[in-house]
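Survey of secondary and tertiary structure
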Amino acid sequence: MKLDLHLHSTASDGQYRPAEVAWMAAEKGLEIFALTDHDTVAGLAEAGEAAEKLGIRFLPGIEISTQDVDEIHILGFGIDDRCEALLESCRAFAESRLKRAALICDWLNGQGIPVTMEEMQGYAGRAMPSRPHFAAYLMDHGYAASRSEAFERYLDTAEYHRAVNRVRPSCKKAIDLIHEAGGLAVLAHPAQYKMDDETLDGFIRRLKADGLDGVECFYSRNTPEQTALFLALAEKHGLRVSCGSDFHGELVKPDVRMGMEVEDRFRKALIWHR
Ligand code: AMP
Ligand code: ZN
Ligand code: FE
Ligand code: FE
């Protein structure tokens, strides 16, 4: 089966509008897709309406940035985007992202790069200026030749992380919030945290005790060995399986295409299967 439960739109740092994401998902013949923008539910209504018109199954989602041993991303699926607690938290996340964007501007100004918040709001549109927007600015103005270089030279350096920070919720708080909104909580892209197998095992055990429902075992950038390990850990801890590309559009993540092919034997373990 073909599906994709990890997609970004212009509601956060993706290239395409929520309706365009739905349109592309339908064109690719996906059985189901989820929109999972960073720290916001702002794109869900538009994507949901488009999906209904297209007759494609849609799972309303979110990807919450949390602070734990590392910056950990928790995906929420099947959330109610009118849940007041969730909306309240999303407003707080937006405010903290806006403050951080001002800090990034200040820090880049100190590096001799004359970027302004007004310019960055132009890059972000209706979304909060996020690091991929800053990466686009740095490329457009000749400070980096590629997105990865923008992160390596500026946006993901030790100096950057010392100068720029923002308050993020704990994993437990994100899981609770997703549950309060009627959704299921999934650990996103485990490979990204660079934990050894034993550390990841212990980490997943702890998140399961905090209420975690699933693990994103299938991910576009996984090696087959990583996918096998995550599937084994999900099974060991009695967790559901998720599957997503983390598509942002080819301008933002040139190597990531929409749509994942998953063997039918995993269907019953998938997070949306009820
Ligand atoms: P933000 O949520 O604004 O902190 O931006 C985080 C996003 O930036 C992540 O979802 C990644 O897509 C991207 N990102 C973070 N670190 C890197 C990196 N070292 N290289 C390329 N992209 C990165
Ligand atoms: Zn992103
Ligand atoms: Fe993520
Ligand atoms: Fe993502």
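In this report, we go over the structure that sits alongside the text. (Residues numbered from 1 in each chain as written. Chains lettered and ligands numbered in written order. Predicted model: local features only at pLDDT ≥ 70, side-chain atom pairs only at ≥ 80, totals over all residues. Heavy atoms only, no water.)

Let us now look at the overall build of the chain. Within the chain, the secondary structure is distributed over 10 helices and eight strands. Computed over the C-alpha atoms, the radius of gyration of the chain is 18 Å, within 12% of the 19 Å expected from 2.2 N^0.38 for a compact globule of 274 residues. Relative to its full complement of 274 residues, the chain shows a buried share of 53%. Looking at the chain alone, contacts between residues at least 24 apart form 73% of all its contacts between residues at least 6 apart. Each charge class in the chain was averaged separately, 32 positive and 44 negative side chains, and the resulting centres sit 2 Å apart. (Helix = DSSP H or I, 4+ residues; strand = E, 2+ residues; numbered from the N terminus. Rg over C-alpha atoms; globule rule 2.2 N^0.38 Å. Buried < 20%, exposed > 50% of the residue type's maximum accessible area, 1.4 Å probe, protein only. Contact = heavy atoms within 4.5 Å. Lys, Arg positive; Asp, Glu negative; His and termini not counted. Charge placed at Lys NZ, Arg CZ, Asp CG, Glu CD.)

Next up on the list: the coordination of the iron ion (ligand 3). Each protein donor to the iron ion (ligand 3) is listed here as Glu63 (OE), His73 (ND1) and His189 (NE2); together their distances run 2.0 to 2.2 Å. Ordering the donors of the iron ion (ligand 3) by residue number gives the pattern E-x9-H-x115-H. Distance-wise, the iron ion (ligand 4) is placed 3.4 Å from the iron ion (ligand 3), both being coordinated by Glu63. With a gap of 116 residues between them, His73 in strand 4 (residues 71–77) and His189 in the loop between strand 5 (184–187) and helix 9 (197–209) connect regions that are remote in the sequence. Each member of the pair, His73 as well as His189, is classed as buried. (Donors = N, O, S within 2.8 Å, 3.2 Å for Na, K, Ca; no water.)

The next point concerns the coordination of the zinc ion (ligand 2). Taken together, Asp13 (OD), Asp13 (OD), His38 (NE2) and His248 (NE2) make up the full set of protein donors to the zinc ion (ligand 2), lying 1.9 to 2.6 Å away. Considering all four donor atoms around the zinc ion (ligand 2), the spread of angles at the metal, 52 to 131°, places the coordination shape in the irregular class. The metal-metal distance between the zinc ion (ligand 2) and the iron ion (ligand 4) comes to 4.6 Å. Pair noted here: Asp13 is in the loop between strand 1 (2–7) and helix 1 (18–27) and His248 is in the loop between strand 7 (240–244) and strand 8 (260–261), with a separation of 235 residues, a long-range link. Note on Asp13: relative accessible area 6%, which makes it buried. (Tetrahedral: all angles 85-135°; square planar, octahedral: opposite > 155°, others 65-115°.)

Moving on, we come to the pairing of strand 2 (residues 32–35). Residues Ile32 and Ala34 of strand 2 are buried on one face, and the alternating residues Phe33 and Leu35, pointing to the opposite face, are buried as well. A crossover links strand 1 with its parallel partner strand 2, the connecting element being helix 1, and its sense is right-handed. Relative to strand 3 (residues 57–67), strand 2 runs parallel, the two sharing four bridges. Within strand 3, the position partnered with Phe33 by the bridge is Phe58. (Right-handed = clockwise from strand over helix to strand, strands pointing away. Pairing = 2+ DSSP bridges.)

With that out of the way, let us pick up the nonpolar core. Residues Phe33 and Ile74 are the most contacted members of the largest nonpolar core, which totals 70 residues. If one sorts the elements of this core by residue count, helix 8 (residues 171–180) sits on top with five residues. Residues within four places of Phe33 in sequence aside, it is in contact with Asp4, Leu5, Leu7, Val21, Ala22, Ala25, Ala47, Ala51, Ile56, Arg57, Phe58 and Leu59. The next biggest cluster of nonpolar side chains, apart from the first, holds 18 residues, and it includes Ile104, Val115, Phe134 and Ala135. (Core = buried A, V, L, I, M, F, W, Y, C linked by side-chain atoms within 4.5 Å.)

Take the site of ligand 1 next. As a structural note, the neighbourhood of ligand 1 is formed by His38, Arg97, Arg100, Ser130, Arg131, Pro132, Phe151, Asp156 and Lys253. Residue Arg97 places a side-chain N or O atom 3.0 Å away from an oxygen atom belonging to ligand 1. A distance of 2.9 Å is found between a nitrogen atom of ligand 1 and a side-chain nitrogen or oxygen belonging to Asp156. Those elements that provide at least two residues to the shell around ligand 1 are helix 3 (84–110) and helix 5 (131–140). Classifying every residue of the shell around ligand 1 by side-chain character gives two nonpolar, two polar and five charged. (Near = heavy atom within 4 Å. Polar contact = N/O pair within 3.5 Å; in protein donor to acceptor, adjacent residues only side chain to side chain. Nonpolar A, V, L, I, M, F, W, Y, C, P; charged D, E, K, R; others polar.)

Secondary-structure assignment places Pro129 in the loop between helix 4 (117–124) and helix 5. Taking relative accessible area as the criterion, Pro129 reaches 0% and is therefore assigned buried. Distance in space between the C-alpha atoms of Pro129 and Arg97 is 7.3 Å, their sequence separation being 32 residues. What Pro129 contacts, discounting residues up to four positions off in sequence, is Arg97, Leu98, Arg100, Ala101, Met120, Gln121, Ala124 and Phe134.

Tallied over the entire structure, the rule returns 19 salt bridges. Among the ionic pairs, Lys172 bridges to Asp176, the shortest N-O distance being 2.9 Å. With Lys172 and Asp176 both in helix 8 and four residues apart, the pair spans about one turn of that helix. A salt bridge links Glu263 to Arg265; the nearest nitrogen and oxygen atoms lie 2.7 Å apart. One network of salt bridges, with partners in common, ties together Glu71, Arg131, Asp156 and Arg168. (Salt bridge = Lys/Arg side-chain N within 4 Å of Asp/Glu carboxyl O.)

The next subject is the packing of helix 9 against helix 10 (residues 224–236). The description of two packed helices rests on the angle between their axes and on the distance between the axes. Following both chains from N to C, one finds helix 9 and helix 10 inclined at 35°, their axes separated by 10 Å at the closest point. With respect to the hand of their crossing, helix 9 and helix 10 are arranged in right-handed fashion. On helix 10, the residues touching Asp197, Leu200, Asp201, Ile204 and Arg205 of helix 9 are Leu229, Phe230, Leu233 and Lys236. The residue inventory of the contact of helix 9 with helix 10, partitioned by class, reads five nonpolar, no polar and four charged. (Axes fitted to C-alpha atoms, helices over the stretch in contact; angles between N-to-C directions. Left-handed = near helix turned anticlockwise from the far one by under 90°.)

Remember, this is a structural readout, not a statement about activity or role.
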